[in-house]
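What the coordinates show
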Amino acid sequence: MTAYLMEARGLEIRFGGVVAAQNVTLEVKEGQNLAIIGPNGAGKTTFLNICTGWLKPSAGSVYFRGKEITRLSPRQICRLGVARAFQIPQLFTEHTALENMLIAASAREGHWAPFTALSRIPEREEMMHLLEMVHCGDVADRPVVELSEGQRKLIDIAVALALKPRLLLMDEPTSGVASSQKHEVMEILVRALAAAGVTSVFVEHDMSIVERYADEVAVWAAGVVQLRGGPAEVLEHPDVIRDVIGETV
Amino acid sequence: MLARYVIPALLILIVPLLPFLAPWLKVVLIIALAKGIAVLGVTTLLRAGQVSFGHALFFAIAAYASAFLARSAVGGEFFVMLLLGTFAAGLSGLLVGLFVVRYRGIFFGMLNLAFSMIFWSILEKFYYLTGGADGIHVRRPTVLGISLARAEFETFLFYFAFLLALLLGWVALRFLNSPIGHLFQTVKTNETRLQYLGISPRRTLLVGYVFSAGLCGVGGVLLATVQGIVTPDYAWWIRSGEMVFIAVLGGAGSVAGAFVGALAYELVRTYAAAFAADIWQMVLGAFLLVIILFAPGGMIGIYDTLMRRLFRNGGSARDRDAESEAAYRPAVEGKKP
């Protein structure tokens, strides 16, 4: 049995001649917020895709709570307690924010009775509370297609949290959000994660976000984890400044 | 806002009076109701963003199953025929569905068409079993063991079909408004998220597919009993196209639209065939063209627009929540941002 919540061992995947992951080994500890940084095309999203079963690696394994999940489907992995939030929010655009949450709660609880209205499931209050926690309670009854990118991002994460996951993988949680609101969004998010007791891994390009909200940082380049450590240590590393940041933080 | 519900309620109350006002309309209305129930199946699938060009398959399977039963030693008891036909349609929906739910869009539509045409050719070629192109004569069934004369049977069938249409319309609305119904509808908007909720889009679509096949089956049995004959035409691609046509005419994805569309279609068809025998298909084609160009929400969409204009300040989120119909936005509107 491993002590880590999630563990990737020797992952390898190629797209034609491009190496998206090569002998990648990365562990996620329970309760931490791990940030993954790196230049575009480094393989960060590919890593999340492998961990959630969307892509199958040509070599290596992924373990979640000691169980191998490498060949499982996204929905099987989700059922084990791994949720995902996306760079482009993946919501049901014809439904309202609250309906998106209620659908997620129904999926979690397995409400299959065909004659119960979605709006009357017992988890309604819990979902409303979650929406309020991400500061979207006031738009609960609006179709998500009418909401701003920032709100959709938060609802996307709230939908993932509605599943009561053990681990949440987030792809650029603040991309598309106005720079003036990024820290506010992240603040809301980190608080919601802490309240739900969820471990997180997030891919991020904004180093001020990484510095402030990550417990640990993994630097990714050319499909390989180049460096790992605390934010202060990693973000001041000369290679990271040169290859990822481009300037001093 | 009350008028929004009062007008449909009045229209629903008028329908059972129509056979008294125009007795010749009785059979036309039974056919419209039978087709409306079948179209309800097609329209349910439209909610998941899938168009089937082969749902006549289930219509025909149910019709033939009931015809075989009526021809057998067991004899034709209407309710048994209805149950058997619906079961046969649902079961075949499950078998065909296991295969077709793996596909989406044009492939889904064409695979359904392929299955219906295979069944059509079986009906045509296995003459000794199916009667080939001549079909099978369906003797007027008994109703709870009672033999009815033709006029009485048609009256019974009309009122039964009317009540059944109301019941199944309600069931479809409840289904679409339930958690499983909403999951089914999200196949249209975001299968990726559905998978990341731990749900299989295929299984979810299969549930709706079997439901829609069962509805087509009910329609098939009703039509077979009112017409007194089943022929391979029941599975012919034009029949499937007709169902999609009616669904779009009434309002793609609208439960009420399935019945409104079927009623309008049968009436236009009957009148156009009587007064413009050579060009009735053209009349119907022009009718649909106008609807698609000027009212993509179909007849129900026209009604909704009219009501919104009349009662501009009415309606609340609660109205929207209460009625699954209103919660649905037609495919032509808001796609992903």
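Residues numbered from 1 in each chain as written. Chains lettered and ligands numbered in written order. Predicted model: local features only at pLDDT ≥ 70, side-chain atom pairs only at ≥ 80, totals over all residues. Heavy atoms only, no water.

Take the side chain of Ser66(B) next. Residue and element names in this part refer to chain B. Along the chain, Ser 66 turns up in helix 4 (residues 56–71). Look at Ser 66 and you get buried, because its relative accessible area is 0%. A polar side-chain atom of Ser 66 sits 2.8 Å from the main-chain carbonyl oxygen of Ala 63. Setting aside residues no more than four positions away along its own chain, Ser 66 makes contact with Met 81, Val 221 and Ala 224. (Helix = DSSP H or I, 4+ residues; strand = E, 2+ residues; numbered from the N terminus. Buried < 20%, exposed > 50% of the residue type's maximum accessible area, 1.4 Å probe, protein only. Polar contact = N/O pair within 3.5 Å; in protein donor to acceptor, adjacent residues only side chain to side chain. Contact = heavy atoms within 4.5 Å.)

In this assembly, 38 residues from chain A lie in contact with 34 residues from chain B. Considering only the surface of chain A that becomes buried against chain B, Arg75(A), Phe92(A) and Glu94(A) emerge as the three largest contributors, covering 23% of it. At the junction of chain A and chain B, the tally comes to 2 salt bridges. Among the ionic pairs, Glu94(A) bridges to Lys188(B), the shortest N-O distance being 3.1 Å. (Buried area = accessible area lost by both parts, 1.4 Å probe. Salt bridge = Lys/Arg side-chain N within 4 Å of Asp/Glu carboxyl O.)

Looking at soluble globular proteins, one finds that nonpolar side chains tend to be buried together. Ile155(A), Leu168(A), Ile37(B), Leu197(B), Leu222(B) and Val230(B) are the most contacted members of the largest nonpolar core, which totals 152 residues. Top contributing element to this core by residue count: helix 3 (residues 25–47) of chain B, with 14 residues. Apart from the residues within four sequence positions on either side, Ile37(B) is in contact with Ala161(B), Leu164(B), Ala165(B), Leu168(B), Leu215(B), Val218(B), Gly219(B), Leu222(B) and Phe259(B). Ranked by size, the runner-up nonpolar core spans 28 residues in total, among them Ala20(A), Val28(A), Ile36(A) and Trp220(A). (Core = buried A, V, L, I, M, F, W, Y, C linked by side-chain atoms within 4.5 Å.)

What follows concerns the sheet that holds strand 2 (residues 18–28) of chain A. All names here are of chain A. The strand order across the open sheet formed by 4 strands is 2-1-4-5, and the pairing between neighbours is antiparallel. Of all strands in the sheet, those bounded by a partner on one side alone are strand 2 and strand 5 (67–68). Bridge analysis of strand 4 (residues 59–64) against strand 5 gives 2 bridges, and the strand direction is antiparallel. The residue of strand 5 that forms the bridge with Tyr 63 is Glu 68. Packed on one face of the sheet, helix 1 (residues 44–51) meets strand 1 (6–15), strand 2 and strand 4 and runs near 120° to strand 1. (Pairing = 2+ DSSP bridges. Axes fitted to C-alpha atoms, helices over the stretch in contact; angles between N-to-C directions.)

It is worth spelling out the sheet that holds strand 9 (residues 216–221) of chain A at this point. Residue and element names in this part refer to chain A. Reading across from one edge, 6-7-8-3-9-10 is the order of the 6 strands in this open sheet, with mixed pairing throughout. Of all strands in the sheet, those with a lone pairing partner are strand 6 (82–85) and strand 10 (224–229), marking the two edges. For this sheet, the mean angle separating the axes of adjacent strands, direction not counted, is 20°. Summarising the sheet, strand 6 and strand 7 (residues 167–171) pair through 4 bridges and their orientation is parallel. Its bridge partner lying in strand 7, Val 82 is registered against Leu 167. Running over the sheet, helix 1 touches strand 3 (33–37), strand 6, strand 7, strand 8 (199–203) and strand 9 and is turned about 145° from strand 7.

Residues and elements named next belong to chain B. Overall, the predicted model of chain B reaches an average pLDDT of 88, with 92% of residues at or above 70. At the level of individual helices and strands, chain B shows its lowest average pLDDT in helix 16 (residues 317–322), which scores 40, and its highest in helix 5 (residues 78–100), which scores 97. Scored below 50 in pLDDT, residues 314–337 shows 50 contacts in the model against residues more than four places distant or in partner chains. (pLDDT = per-residue confidence, 0-100.)

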